[in-house]
Amino acid sequence: MIAHLPILQVIVPLIAAPLCLILRRAHLVWLFALFASGIAFLTSILLLQQVMDTGTIVYELGGWEAPWGIEYRIDKLNAFLLLIITMISTVVLMAAKKGIEKEISSEKHTLFYVLYLLSLTGMLGIVATGDAFNVFVFLEISSLSAYALIALGNDRRALWAAYQYLIMGTIGATFILIGIGMMYQMTGTLNMEDLSRRLPEISQTRTVFAAFAFVIVGICLKLALFPLHLWLPNAYSYAPSIVTAFFAATATKVAIYLLIRFTFSVFGLTFSFTTLPLQTLFIVLGLLGIFVASTTAIYQQNVKRLFAYSSIAQIGYMIVGFSISSVTGLTATLLHVFNHALMKSALFLALGAVMYRVGSVDLKHFHGLGRQMPLTMAAIVVGGLSLIGVPLTVGFVSKWYLLLALIEQGWWPVAVLVLLGSLLAIIYVWRIVEAAYFKPPLANTGDIKEAPLQYLIPIWILILANIYFGIDTRLTVSVAQAASQSLFGVGL
Amino acid sequence: MNLSLELMLQLTIILPLVMTLVIVAVGHRPNVREGVTIATSLALLYLVINLYQGLTSGETIEVFWWELLPALQVSFTIEPLGMLFALIASFLWLITTVYSIGYMRSHHEENQTRFYACFAIAIGAVMGIAFADNLFTLFIFYEILTLSTYPLVTHAGTEQAKKGGRVYLGILLSTSIVFFLLAIIITWIISGTLQFTPGGVFDENVNTTLVGAILVLFVFGIGKAGIMPFHRWLPAAMVAPTPVSALLHAVAVVKAGVFTILKVVVYIFGIDLLAVLPTTQFLLYLAGASILLASLVAMRQDNLKARLAYSTISQLGYITLGALLASPAAVIGSSMHIATHAFGKITLFFCAGAIFVSAHKTKISEMRGLGRQMPITMAAFFIASLSIIGVPPTGGTWSKWFLLLGTLETEQWVLMIVLLMSSLLNIAYLLPISVNAFFPNFLPGKEQDSNRLLANTQIKEAPLPSLIALCITALACVILFIYPQHLYQLSASILDISGMLYGK
């Protein structure tokens, strides 16, 4: 059983998805999906433990040896990502029953869980696999179910948002496919391990350059790197709240993983950062992303949209950490992947609770909510503080490492810019705080009660995790550090 | 009770935080709630005094909580400067609690539970700052203090409170994130430690330009010290209820700022290194400018609380200046000024609150002749004014004496003149208030104001709890003049511990 963990990680949600259709009853389906996701979560914990103890796990699918068969290769990096994805998916699912009650019409509820599990399968597959073409397959599984999930919303604008995402996402996936095709043409293999060995020999060819460009641009579309982020605000603001909470915490993180995997493992550090000017390009785009997206966030009236822009800005921080290309820098990025997942899922779930009670997440509907929904608003405040990076929250931990990495390299101006960027976060978070606590409730809203427990419990699990991992950083820091050290090939 | 000193140290931080929960739980019964607050502040004072005795008997008290990031610990210890700060804050918290019961009730404030709860968190954070063993721990509690005082500043919930809160939080958070945090990280990268070490953490042959830049970052980053141009938050915070202004914005928050500066100067840089840094002189002049400009602005304020706020900015400049002078006398003067200014300024704020509650006046121009109506309050105001100015028989005399001595020792003539001129300005903006109150026709002014007040000669003082509180603090100003020994010894031992003997 233990030996088969890598495949179980992916196969459990994949099998669970069609089984939902057999169960049909929405309540049962919810419990079953939650159960499947919980199993996946447990699997990921076991995997991480195993990887940290014994090192990389290689699993040959169907017993076919690579490069003929597909190989799953779990190292510290993807074990960490698997943990994040399954953890968030499980906690978000806990709120899903209430969450979709008002936002998705009841005949589509079963469908929602099927799509959710498929999307989860896709993401887990992308992360677990060690085969470049397999990445594309899972990418399509997760993306196609994502488009459908976004379109499930009652808001008609969700259709347009999903369509936009479909177009952009397909372009991205196609680019990745083209890149992988070129690599196959040059090396005759799709296995990442083989690719990383064969690519350096032919790295000076134009085809490899083109392959690299296609793959990177494709991934950047998926991770909504500025200026390829245009699909994200609409998708996040019009999708059902539960879907937003799940995707905001996981989808872009998977893309970040792919970026790291392809640049560090497949193409190799020297090729990505020395031969090509990736560093300059990414640092500029990352910083631009932080500033443009944060500033745009300040002017949003729809709070879901506001946090969507904030997500783009946070991706900017991850990209800056990534482009430093030092152990500390990559540690900062990985930490922020984990920490940002915690913050954003908590915040979007809390917005879901507001949506459930108030029916809108416009800033003006937040007036007076500080008294009417004290626990939900307190969660948003703590989540917001974490986003700003106040000590004792997870946001502080990742910011600390990012600054440490920047100053180690002597990149003073960038360090100052990163800090200034986090001031913008204060402004957009405080707009919500002021609306909720200083404005009297709108006249015609009637009696608004606190969110139901099924919402409050998962929200507060995530919020407490925000604080817990901000205080006890042993797990996150040690795993992130170990993962980034092994990518740089030190300390092995 | 037989608690070990280590446990007591932890309790000073944990107790107020735990009591916050109790206060919230019994919030619907005001008498119980305020009983809990008073009991907590008594217990806290008891703990701090015990710790003081432990310190004077020469014990080392160290507590390690946990490691937040590798090699960055949350840990606490006791040294004289922190002890001084903790003593002042815990004693004045007790007094302020008594005062605020009178004030909040007679003013029929809403949300009093939130008020007392946030107050308790703030005091817990202050204890954390006072006993922090390293810069990292200090920074954590520094930010907690900022956040926990935000609901207090915006207590009224009005548009004006919202705006004040914006400035307050905006400046304090921004400076701490952009400058303070950056300075901490750079210090960590250069020296490899954030531990407060007597004599400083930097090597002898460290790059002085870089360390000088760090010093600037520290002085600007510690926005709570109110050095211009980052002082605007303090007047903005004056929208808070008066007990908040009294304790937090005359004592806890601002003193946390100057305390941090002193601590950084003495235990991170070390005063020997400070003297050779290229930026020290620039910062000294900045502090001097802050002293003079704030005094000048204070003269133009007609709102009593605003005038006191600017006066605070000016007096904070004294402490920063003393810290940066890098001479033993100046450091002693600075730390003594933390105490004497605390007692003086809290009395003034108590009086301002008392005047507001019983006479409903906020403008200085309307207070002419008020001495007939509120003789005790205005007498206390007079004594506290003397202490701020720094003349006998009040405690302020000593601290200003040592600060002047410090400028002489280091031959900073310009700064000496700044200090003297500022004292004159202090006289000009503080004394007329109490003089006019008692002798409305002594100084020229508008006729009709004084006539109206003179007609009302009935004595109508503030509520009794408030009155007791302000009498105690005024009395303390005088006691600090007669018995300054304990205060002096504490201040002098700061440098003993940091490896330097006073009076070379």
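Residues numbered from 1 in each chain as written. Chains lettered and ligands numbered in written order. Predicted model: local features only at pLDDT ≥ 70, side-chain atom pairs only at ≥ 80, totals over all residues.

A. How the structure looks around the overall build of chain B. Scanning chain B from terminus to terminus reveals 20 helices and two strands. For 504 residues, the compact-globule estimate of 2.2 N^0.38 gives 23 Å, and the C-alpha radius of gyration of chain B, at 22 Å, lies within 12% of that figure. Counting only C-alpha atoms, chain B reaches 70 × 55 × 45 Å along its principal axes. Of all 504 residues assigned to chain B, the portion counted as buried reaches 61%. At a minimum sequence separation of 6, the contacts of chain B that also span at least 24 residues come to 80%. (Helix = DSSP H or I, 4+ residues; strand = E, 2+ residues; numbered from the N terminus. Rg over C-alpha atoms; globule rule 2.2 N^0.38 Å. Buried ≥ 20, exposed ≤ 12 C-beta atoms within 10 Å, placed from the backbone. Contact = placed C-beta atoms within 7 Å.)

B. Structural view of the overall build of chain A. When helices and strands are tallied, chain A shows 20 helices and two strands. Computed over its C-alpha atoms, the radius of gyration of chain A comes to 21 Å, within 12% of the 23 Å expected for a compact globule of 492 residues. Counting only C-alpha atoms and orienting by the principal axes, one finds that chain A spans roughly 70 × 55 × 40 Å. A total of 492 residues make up chain A; the buried ones form 62% of that total. The contacts of chain A with a sequence gap of at least 6 include a subset with a gap of at least 24, amounting to 80%.

C. Focus on the interface of chain B and chain A. The interface is formed by 18 residues belonging to chain B together with 20 residues belonging to chain A. Breaking the side of chain B that touches chain A down by element, the ones donating at least two residues are strand S1 (62-69), helix H5 (135-153) and helix H6 (159-191) of chain B. Here the side of chain B that touches chain A takes 10 residues from H6(B), the largest share from any one element. Tallied by class, the residues present in the side of chain B that touches chain A amount to 14 nonpolar, two polar and two charged. (Nonpolar A, V, L, I, M, F, W, Y, C, P; charged D, E, K, R; others polar.)

D. Main features of unusual backbone geometry. Of the consecutive residues Phe226(A) and Pro227(A), the connecting peptide bond is found in the cis state with omega at 0 degrees. Here Pro227(A) shows up in the loop between helix H8 (206-222) and helix H9 (231-238). Residue Pro229(B) follows Met228(B) across a cis peptide bond; omega there is 5 degrees. Relative to the helices and strands, Pro229(B) resides in the loop between helix H7 (208-221) and helix H8 (233-236). Residue Leu392(A) is not a glycine yet carries a positive backbone phi of 75 degrees. Within the secondary structure, Leu392(A) sits in the loop between helix H16 (374-388) and helix H17 (394-408). Even without glycine at this site, Glu411(B) takes up a positive phi of about 55 degrees.

E. Quick peek at helix H1 (residues 5-23) of chain A. Residues and elements named next belong to chain A. Its 19 residues place the ends of H1 26 Å apart at the C-alpha level, agreeing with the 27 Å of an ideal helix rising 1.5 Å per residue. Where H1 bends most, the angle comes to about 30 degrees, and this point is Ile11, followed within four residues by the proline Pro13. Within H1, the full set of buried residues consists of Pro6, Leu8, Gln9, Val10, Val12, Pro13, Ala16, Ala17 and Cys20. Here the buried face of H1 lies against helix H2 (26-54), strand S1 (57-60), strand S2 (71-74), helix H3 (76-103) and helix H4 (109-128). Positive backbone phi, approximately 65 degrees, marks Arg24, located one or two places after H1. (Expected span 1.5 Å × (residues − 1). Bend = angle between axes of the 7 residues up to and from the residue.)

F. Representation of helix H20 (residues 474-488) of chain A within the structure. For H20(A), with 15 residues, the first-to-last C-alpha span of 21 Å sits near the 21 Å given by 1.5 Å per residue. Those residues of H20(A) that fall on the buried side of the exposure criterion are Thr476(A), Val477(A), Val479(A), Ala480(A), Gln481(A), Ala482(A), Ala483(A), Ser484(A), Ser486(A) and Leu487(A). Packed against the buried residues of H20(A) are H2, H3, helix H10 (241-266), helix H14 (327-358) and helix H19 (453-471) of chain A together with S1 of chain B. Looking at the residues trailing H20(A), positive phi occurs at Gly489(A), about 70 degrees.

G. The arrangement of the pairing of strand S2 (residues 72-77) of chain B in detail. All names here are of chain B. Relative to S2, S1 runs antiparallel, the two being bridged by six bridges. Its bridge partner lying in S2, Trp66 is registered against Val74. Between S1 and the antiparallel strand that follows it, S2, lie two residues; Ala71 among them carries a positive phi value of about 70 degrees. (Pairing = 2+ DSSP bridges.)

H. Quick peek at the environment of Ser290(B). Residue and element names in this part refer to chain B. By the element assignment, Ser290 lies in helix H11 (residues 280-299). Once the C-alpha coordinates of Ser290 and His231 are considered, the two residues, 59 residues apart in sequence, prove to be 9.1 Å apart. Residue contacts for Ser290: discarding those within four places in its chain leaves Ile227, Met228, Ile313 and Gly317.

I. View of the packing of helix H9 (residues 242-269) of chain B against helix H13 (residues 328-359) of chain B. Residues and elements named next belong to chain B. Close contact between H9 and H13 brings their axes to 8 Å; oriented N to C, the two are set at 170 degrees. Here H9 is positioned roughly antiparallel relative to H13, judged by the angle of their axes. For the pair H9 and H13, the contacting residues are Thr242, Pro243, Ser245, Ala246, Leu247, Ala250, Val251, Lys255, Val258, Phe259, Leu262 and Val266 in the first and Val331, Ser334, Ser335, Ile338, Ala342, Lys345, Ile346, Phe349, Phe350, Ala352, Gly353 and Phe356 in the second. Its residues placed into classes, the contact of H9 with H13 shows 17 nonpolar, five polar and two charged. (Axes fitted to C-alpha atoms, helices over the stretch in contact; angles between N-to-C directions. Parallel < 35°, antiparallel > 145°, perpendicular 65-115°, else oblique.)

J. Local environment of the packing of H14(A) against H17(A). All names here are of chain A. The geometry of H14 relative to H17 is characterised by a closest axis approach of 8 Å and an angle of 160 degrees between their N-to-C directions. In terms of orientation, H14 lies roughly antiparallel with respect to H17. The chirality of how H14 crosses H17 is left-handed. In this structure, H14 uses Thr328, Gly329, Thr331, Ala332, Leu335, His336, Asn339, Leu342 and Met343 to contact H17, whose residues at the interface are Val394, Gly395, Val397, Ser398, Tyr401, Leu402, Leu404, Ala405 and Glu408. Its residues assigned to classes, the contact of H14 with H17 shows 10 nonpolar, seven polar and one charged. (Left-handed = near helix turned anticlockwise from the far one by under 90°.)

K. Representation of the environment of Pro6(A) in the model. All names here are of chain A. One can find Pro6 in helix H1. Pro6 gets classed as buried once you count the C-beta atoms within 10 Å, which come to 26. Linking Pro6 and Tyr72, residues 66 residues apart in sequence, is a C-alpha distance of 6.8 Å. Among residues more than four places away in sequence, those in contact with Pro6 are Leu47, Ile57, Tyr59, Tyr72, Ile74 and Ala128.

L. Focus on the confidence of the model for chain B. With 94% of its residues at a pLDDT of at least 70, chain B reaches an overall mean of 84. Interface confidence for the predicted complex, given as ipTM, is 0.86, next to a pTM of 0.90. (pLDDT = per-residue confidence, 0-100.)

M. Inspection of the environment of Leu274(B) at higher detail. Residues and elements named next belong to chain B. The topology assignment puts Leu274 in helix H10 (residues 271-276). A count of 24 C-beta atoms within 10 Å places Leu274 in the buried class. Considering only alpha carbons, one finds Leu274 and Leu324, 50 residues apart in sequence, at a separation of 7.3 Å. When neighbours within four sequence positions are excluded, Leu274 is seen to be in contact with Val265, Phe269, Thr280, Leu324 and Ala326.

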